[in-house]
Structure formats: structure tokens, C-alpha cells
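Single-letter residue listing:
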Amino acid sequence: MFKRFICYVLTICILLSFAACSSEQKTDKKIATSYEEKDIGKDLGINMPWNTRINSKNQLVVNDLNSSKKQFLLLDLDGKPAGEIKYDFKESVTNFALDSKDNIYAIAESNINDSEIMQKLYILSPDGKTITSCDLGKYSTKSTTERGITGVLATQNGDIYLASPKDGVKILDNNGKFLKSVGSPGITNISLDADGNILAYSYDVNKPILQKIDPAKGKVIWKQDLSSTSKGYTVGASKIVYSIPDNSIYLLTDKDIVMYDSNGKLLGKVLEFSKFSILSTGSIMCDMNIDTNKNIYITAISKSSKAEGNKLFKYSPLAEGGKQAEQKTISLFTRNVDEELQIAASKFQEINPGYKIDIQTLPEGQSSEDTDKYINNLNSSILAGKGPDILVTGKLPYEKYIDKNMLVNLSDLIAKDKSFDSNKYFGNIIDGMKYKGNLYTMPVSFIFFGMMANEGVLEQEGIKIDDTKWTWNDFGNVIKKVTKPGTRTALPNINCEELFTYIMQGRYPQFINSTDRTSKFNSDKFLDMLNFIKTHGKPDAPALSIDAVEAAQRGSVVFMPEMIVDFNTYALMKTVFNDKMKIYNFPSMESNGAGIFNTMSTYAINVNSQYKDKAWEFIKLMLSDDIQSQLLVGFPVNKAVLQTKAKELIENTASGKDITTFGDGSRSIQVTYHPFTQTDVDYLTKILQNLKIYSNIDPNIRKILDEECTPVFSGDKSPEAAAKIIQNKVNTLLGE
């Protein structure tokens, strides 16, 4: 039963949305800035609170999507039970609306087969008796465009409005008879303003659009493109609600609630969920409602099958001059706000009600020069004994912070903390992060770069590779043996710059010693690498693309450099190579076979923080099963979570029917996963356990490398000349 409803969540209501949050186009209208959060669904026995509506008696009507009971729950506005409304049809209600007389307009669904769902509209009296019903057709759960009816409204004159991503807004009479359609395709959610106009949230060529439509004339009154006021794509409910008390439009996303005025102009952010506890279980926002006192009601469900993660929250605006319960603020800087970080911040605040995590990030819409200035100011602040309590250290000069005694020695904290069990984590990854013998930055997730190879071809040609000591010359000899002009090539059609990126990420520690701050870019190994890339990369070739995937599937490509970010990457590339794949380290190993890894995020504590103990508790939370299981990219350092993710992938690919798509539009191919097995898990886990050397490319050094190597690849500069300049510039940088 639960999987059926999760299918509904993912195919209908969890739509790509944009989190509008910039300062562009703002008006001067005042919005509430402080809210009090209350879990009003707690202990009510609601399995999956989905839709909420407010009736004429000022009661909350709740649809429990995953309940076997055929009923709507009635609650007062503080969440106390006030009764139920039973109905007698067999289908499950997935959306509903109320009219001014509290009649219920319910969209109900039933499965036809594994991939098709039938929808019906039921019109019920306030006590749940069926007045009339009509068929709304069927849709496929495999389609991304035909999602059926995704929203319903009942008007004062008895008409019924249905949001249809395929057709726009369908208008029916009070008996369910179709009258006409207004608006354009892509509309997923609708509301009504005070004048009876339709407010519609839609997509137009992958752009989020907010528009107002005159239902009588079918004309668009105004339309706002929300792209310019967004940080980017997010997964969320994309629910809009018109609020009569303040004549404004509220947009619910997975991260926040944003308000627009009645003309679609951005007013600002109303609620930021990371500052509350609603995200603590990795919840998906489902629905929102607003009462006449501007209280906001939100339903959210857990991404896991744990019913206790499903929530019904009430957010009450504090009176003017009122203050939220006093909390101590722990500041955290990060360049990018990952989903797991938001969930962890929410969870931490739930566990520690006297504290809140203030996530600070780069200001939006900045140029690269502005970003550099911001980072320089941050560096100066930290080195002056100030700065955030917690730092996500990616692309920050954290070694310099350590040398200046600006970061807490986490090794000391671990030694004193009996609750921290080091055996739960990949010790090789944590040890690989140590600087001068101690740990100052804690990795949360990690990745590695490798050379994927078609082992079937290598066996056919009698080639054996020892990647603990092979050189670029060795690789060149292998390339000559496996290349068959016209039918098989060693490497895909890849440009020099991208090939350089993959190889440098995997070999960077060979040329930089961050501890003693020395470099070896004038070495023969660096020159050999440049010559190899110049010979085998194609200056005018596209970046690694679906052409390479197609060729690998045909056995026409033997090697493919790749960033392996999780089991899914491995499983997919294993499929591409038709189960004949092996991962090799890049040539020129000097580390007795120890692999090189990189991190997705690492956390450090400012030594001048007054909340060092709590900051350490937050970092431990980032390593917990709950938060590690939320990681979307990267291998978790938590070993138990890694194995859970592996088990899930084994189950998901067991049928041999799981499909993914490479590319976009006309240039795309579909790949059906081969079953991922325990043998694959064991093979990859062994590789992960052997990753011991941390590759962290200093962004300033990377800039030097790009500037000086690009002319080499185009033939405008010799490798020797470039290497000499790089060595001098890097030595100057390291000496600063």
C-alpha cells in the first residue's frame, strides 16, 4: 500500500519547482518574519496527512492518504479531534476541495494495472454522502507529461476547476459536465483570488510560471516568470494558496514559503524550513493552507517508509513586537546548501530547542570577482579570530587556518568523546583527511576518480594491468594494443581539458605536498601526463557525452575516465560495459596501490566559537544514520548506511527493468540497468577501503593549471614551458 502512494507522490505531486528567494522585483509590502511552529498532527494516528482544507466552521479537514479508513478527519485549528466524515466509495482520495456549503469535491484514484491509474471526481455532501460522480480518465505513472488531475477547486457559482498538466484548467459544471478549458498546458496547481480569477502555477518550456487567468474570458491577466527569483531547481510541492487577509499569493516549495502580491510581484520569503524542525525526517512538503488569522498549515511526509516522519504542522505568526523563544545561534558557512545539511539543521534544532543553526552562504547573483572578494573577506575574518562557528571547508584554504591555529583539533574531541564510535565510519577516509597527524576537517561523504575499463577486451587481448605502478608510457602501449582503427578506440572522443580534469583530480597529491607546501610540476611525471593528454585528447571534441556511452555499450570504447560518486554510478557504468568492467587507478601511482579520494563536504569548527561542544554535536549528527541516509551524491562515510544503500540498489535492479536516460531530447539513449549484485558491492567496497590519499585541489592552483595548460593542448605552448611557469607560480602561492 505504501509503495503505491509513494508512486503517486513521485509521479504526480512532487514536481520540479523553483525556490523564489532573491531580492529582485520586491515590493515594500510588509510580511510576517517570525513564526511559532507546532506539530498539531502528533498522536492523532494519521498515517499520511496529505491535503488540508478549512471549512465554514473553522475546522481543519484532513485527508489521510495512506489510511484504510474511508474518511476525512476533522480537527479544530489547534489540532484537537473534532470528528470525521466517512465516505463509501472504494477509490482513494488524492485531492479535494470544499465549497462555501462544505460540500466536498474529491479526486479519487484506483490502479488499473502496474502503470495505469484511473481518476474519478466525487461530489459529496458535508456528511460524506455521494451526490454525484464522473470519470476523469486515466494516466500512466511512466509518463512525465500526463499526470492526470493534480488540483481541484469549487467556485461560488457551482463550477468546478481542475488543474490538468496536459490541458490547462478544465472547467466543469456542478454535475461534473465538461464546459471548457482555459490556460495553457503545464498547469499543476491552482487557487482563486478574491475576484474569482484563477491563480495558476505552471511550467512553460521548463520555466516556472505564476499567472492570473480570467475564467470567463479565458485570457491571461498577467504572467510572471519565476526563474529570475530562484536559486535553481528543487523538488517540492509547488503549491500556491491565495490569502484573503493580506491579498497575497503564497508559494510552497520543499525548502520554504515565498509570498507574492496580487500582481505576482515578489514580496519575500515567509518561512525558511531549515530554521524549524519540519525537515528533521527528510520530509517532502505536500500541501499548504492559510486561515483568516494567517496561520499556515503544512502537511509533509517522510521519504522513508517510516510513518512517524509524516507531519501536520501549524505555523502561527507572532504578534507585532513578539519574539520567538530565545535561542542561541550557531553560524555555519557553506558555499552550497545541500539537502542533507538542511535536514540536519532542522533535526539539530528539534533535538536542541535552545539552539538554532544559521546557514550562511554566498550571496546570490554575484560575479566571480564578487565571490572572490566575499571569500577573501571571510578568510580575513577567520584569521582575525572571528567568522562562523562551523565551516564547510571545500575550496577554503583550511590548511592555512590550521597553521594559524584557527580550527579545533577534532582528534582531541574524538579521543575524549566516548559516544563517538570510530568503527562505524571509513577510518581510511577520516585518516586520509588528517593534516600533520591530526584531524581538523570531518568528511561527511566522499568520491573517487578512476579509469573504467572493458575487462572483456583486455582479457581478449591478453593484457594485464598492475595499476599500483603503471606509467603513462605503459598506458600508451596498452592503447596501441586495444585500438582497432574503424572499429575500436581506447578512449572516447573526449576533449583535452576534460581529460586533464579527470586525471589531475586523481593524481593531484603526486604534485603537491600540502603539509610541507612543496610542488613537483617540473617533474618528468607531470610532463608525461601533459604529453599523454595532448596526444590522446581531442582539442575540439565535446565533453564526455552520450556518444561515449553508446560506443562503450557496443564495445567500441575500452577505457573511460570517470568520477565514481556512489553505487549507482558504478552500477550504471557496469551496465554500459555489459558487466565486463573493472576500475583502475590512473597511471603513475607512487603509493603502493593506495587510492586517491575527494570529498563532497567536510566540516570544521572555528577555534574561537563559543559553542564548540554544540558544533561538535552537529558534526556528529551529520555522520548519523538518519542524515547519512539522506545523501543524494557521494559515498557516505557511515559504513552501515553505505551497505543499506547497496542493498536498496540490489533490490531496485533485481528485475532487470530499471531504466535511466542519458542525454536530452533527440540526443538521448535509454539504458536498462543490469542487476547489481552482492559481488559488485564487495568489489567496490574493497576499492573504497583502499582509498587513503586525499586530493584537494586548491582553487588558486587549479586556476594556474587551467591558464597554463590550455595553450599546451591547443599547440601554442610546449609542455616544458608550461610546467616551468606553473612551478614558479605555484611555489610563489605556497610561500605566501
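Each chain carries its own residue numbering, running from 1 in the written order of its sequence. With pLDDT at 70 or above as the cut-off, local features in this predicted model cover only qualifying residues; side-chain atom pairs require 80 or more to be listed or tallied, and sums for whole chains, interfaces and linings still use all residues. In computing side-chain values, all of the structure's heavy atoms are included and hydrogens and water are not.

**Section: the overall build of the protein chain**
Stage number 1. Comment: elements are numbered from the N terminus, with helices defined as DSSP H or I runs of at least four residues and strands as E runs of at least two. Across its full length, the protein chain holds 18 helices and 39 strands.
Stage number 2. By residue count, 56% of the 736 residues in the protein chain fall in the buried class.
Stage number 3. Note on definitions: a residue-residue contact is assigned when non-hydrogen atoms from the two residues lie within 4.5 Å. Pairs at least 24 residues apart make up 62% of the contacts formed inside the protein chain by residues separated by at least 6 positions.
Stage number 4. Only the protein chains shown count as cover for residues, and all accessible areas are computed by the Shrake-Rupley method using a 1.4 Å probe. Summing over all exposed atoms, the protein chain offers an accessible surface of approximately 32,200 Å²; the carbon and sulfur share of this is 46%. Burial classification: accessible surface area is computed with a 1.4 Å probe over protein chains only, and a residue below 20% of its type maximum counts as buried, one above 50% as exposed, and the rest as partly exposed.

**Re the sheet that holds strand S3 (residues 49–54)**
Stage number 1. Strand order in this open sheet of four strands is S3-S4-S5-S6, and the pairing throughout is antiparallel. In this open sheet, the two strands that pair with only one neighbour each are S3 and strand S6 (81–86). Put simply, the sheet's adjacent strands are angled 25° from each other on average, direction ignored.
Stage number 2. Relative to strand S5 (residues 71–75), strand S4 (residues 60–64) is paired through four bridges, and the arrangement is antiparallel. The residue of S5 that forms the bridge with Val 61 is Leu 74. Each pair of strands is called paired provided DSSP finds at least two bridges between the two strands. The axes are straight lines fitted to the C-alpha atoms, using for helices just the contacting stretch, and the angles between their N-to-C directions are given from 0 to 180°.

**Here's the deal with empty space enclosed by the protein**
Which parts of space are left empty comes out when a probe the size of a water molecule is rolled across the atoms.
Stage number 1. Here a cavity is any set of points on a 1 Å grid over the protein atoms alone where a 1.4 Å probe fits but cannot get out, and a pocket is any open set with protein on both sides within 12 Å along at least 5 of 7 lines; a residue lines the site when it has an atom within 4 Å of a point. Grid points are joined across faces, edges and corners, and a volume is the space filled by probe spheres set on the points. Summed over the entire model, instances satisfying the criterion amount to one cavity of 30 Å³ or more.
Stage number 2. If you add up the space inside the largest cavity, you get close to 30 Å³.
Stage number 3. Every residue lining the largest cavity is listed: Phe 449, Gly 506, Arg 507, Asn 585, Phe 586 and Ile 596.
Stage number 4. Charged residues are taken to be Asp, Glu, Lys and Arg, nonpolar residues to be Ala, Val, Leu, Ile, Met, Phe, Trp, Tyr, Cys and Pro, and polar residues to be all remaining types, Gly included. Tallied by class, residues from the lining of the largest cavity come to three nonpolar, two polar and one charged.

**Side note on the layout of surface pockets**
Stage number 1. Of the volumes computed, that of the second largest pocket is approximately 1,300 Å³.
Stage number 2. Along its surface, the second largest pocket is lined by 50 residues, and Leu 98, Leu 153, Ser 191, Leu 192 and Asn 289 are the ones closest to its centre.
Stage number 3. Mapped by element, the contributors of at least two residues to the lining of the second largest pocket are helix H1 (2–13), S3, strand S7 (92–98), strand S11 (151–154), strand S15 (187–192), strand S20 (239–243) and strand S24 (283–290).

**Examining the confidence of the model for the protein chain**
Stage number 1. pLDDT is defined as a per-residue confidence score from the predictor, taking values between 0 and 100. Mean pLDDT for the protein chain: 85, with 87% of residues reaching 70 or above.
Stage number 2. Counting contacts from residues 1–28, a segment whose pLDDT is below 50, to residues more than four positions away or on other chains yields 102 contacts.
Stage number 3. Here residues 230–236 scores under 50 on pLDDT; set against residues more than four positions off or in separate chains, the count is 31 contacts.

**Focus on the pattern of salt bridges**
Stage number 1. Here a salt bridge means any side-chain nitrogen of Lys or Arg lying within 4 Å of a carboxyl oxygen belonging to Asp or Glu. All chains considered together, the criterion is met by 25 salt bridges.
Stage number 2. We note a salt bridge from Asp 466 to Lys 469, for which the minimum N-O separation is 3.9 Å.
Stage number 3. For Asp 466, a relative accessible area of 37% gives the class partly exposed.
Stage number 4. Judged by its relative accessible area of 60%, Lys 469 falls in the exposed class.
Stage number 5. A single salt-bridge network, built from bridges that share partners, covers Arg 53, Lys 239 and Asp 287.

**Quick word on the packing of aromatic side chains**
Stage number 1. Ring pairs are drawn from Phe, Tyr and Trp, using the six-membered ring of Trp, whenever the two centres fall within 6.5 Å, and their geometry is named by plane angle: stacked under 30 degrees, edge-to-face over 60, tilted for the rest. Scanning the model with the defined rule gives 30 aromatic pairs in all.
Stage number 2. Taking the centre distance of 4.8 Å and the plane angle of 35° together, the rings of Trp 472 and Phe 532 count as tilted. Of this pair, Trp 472 sits in helix H8 (residues 472–482) while Phe 532 sits in helix H10 (residues 524–536), and the two are 60 residues apart along the sequence. When sorted by exposure, Trp 472 lands in the same class as Phe 532, which is buried.

**Quick notes on the environment of Lys 469**
Stage number 1. Summarising the element assignment, Lys 469 is placed in the loop between helix H7 (455–460) and H8.
Stage number 2. Between the C-alpha atom of Lys 469 and that of Asn 585, which follows or precedes it by 116 residues, the distance is 9.5 Å.

**Comments concerning a nonpolar patch on the surface**
Stage number 1. Taken together, the side chains of Met 600, Leu 632 and Val 633 define a hydrophobic patch exposed on the protein surface, amounting to about 280 Å² of accessible area.
Stage number 2. Among the secondary structure elements, Val 633 is positioned in the loop between helix H14 (625–628) and strand S36 (635–636).
Stage number 3. By relative accessible area, which is 38% here, Val 633 ends up partly exposed. Here a patch means residues that are over 30% exposed by relative accessible area and free of salt bridges, tied together within 9 Å if like-charged and within 5 Å if nonpolar (Val, Leu, Ile, Met, Phe, Trp, Tyr).

**Notes on the nonpolar core**
Stage number 1. Here the nonpolar core consists of buried residues drawn from Ala, Val, Leu, Ile, Met, Phe, Trp, Tyr and Cys, with membership extended through side-chain atoms lying within 4.5 Å. Ile 257, Phe 273, Ile 296, Tyr 315, Met 442, Tyr 603 and Phe 618 are the most contacted members of the largest nonpolar core, which totals 101 residues.
Stage number 2. Counting residues in hydrophobic clusters, the runner-up holds 50 residues, among them Ile 447, Ile 479, Tyr 502 and Ile 512.

**Considering the sheet that holds S7**
Stage number 1. Judged by pairing direction, the sheet is antiparallel, and its four strands sit side by side in the order S7-S8-S9-S10 without closing on themselves. In this open sheet, the two strands that pair with only one neighbour each are S7 and strand S10 (130–140). Strand-to-strand twist of the sheet, defined as the mean angle between neighbouring strand axes without regard to direction, takes the value 20°.
Stage number 2. Examined bridge by bridge, strand S8 (residues 104–111) and strand S9 (residues 116–124) share eight bridges and lie antiparallel to one another. Bridge pairing in S9 places Tyr 105 opposite Ile 123.

**Things to note about the packing of H10 against helix H18 (residues 719–734)**
Stage number 1. Orientation of H10 relative to H18, taken along the N-to-C sense of each, is 130°, at an axis distance of 10 Å. Between H10 and H18, the angle is such that the two are oblique. The two elements H10 and H18 cross, and the hand of that crossing is right-handed. For the pair H10 and H18, the contacting residues are Phe 526, Leu 527, Leu 530 and Asn 531 in the first and Pro 719, Glu 720, Ala 723 and Ile 726 in the second.
Stage number 2. Class assignment for the residues of the contact of H10 with H18 results in six nonpolar, one polar and one charged. Each angle gets one of four labels, with under 35 degrees taken as roughly parallel, over 145 as roughly antiparallel, 65 to 115 as roughly perpendicular, and the rest as oblique. Definitions for this section: a left-handed crossing has its near helix turned counterclockwise from the far helix by less than a right angle. A right-handed crossing has that turn clockwise.

**What about the packing of helix H9 (residues 496–507) against helix H17 (residues 699–713)?**
Stage number 1. In contact at an axis separation of 10 Å, H9 and H17 are set at 135° when each is read in the N-to-C sense. Judged by the inter-axis angle, H9 sits oblique to H17. Between H9 and H17 lies a crossing whose hand is right-handed. Packed against H9, whose contacting residues are Cys 496, Glu 497, Phe 500, Thr 501 and Met 504, the element H17 presents Arg 702, Leu 705, Asp 706, Cys 709, Thr 710 and Phe 713 at the interface.
Stage number 2. A breakdown of the residues in the contact of H9 with H17 according to their chemical character gives six nonpolar, two polar and three charged.

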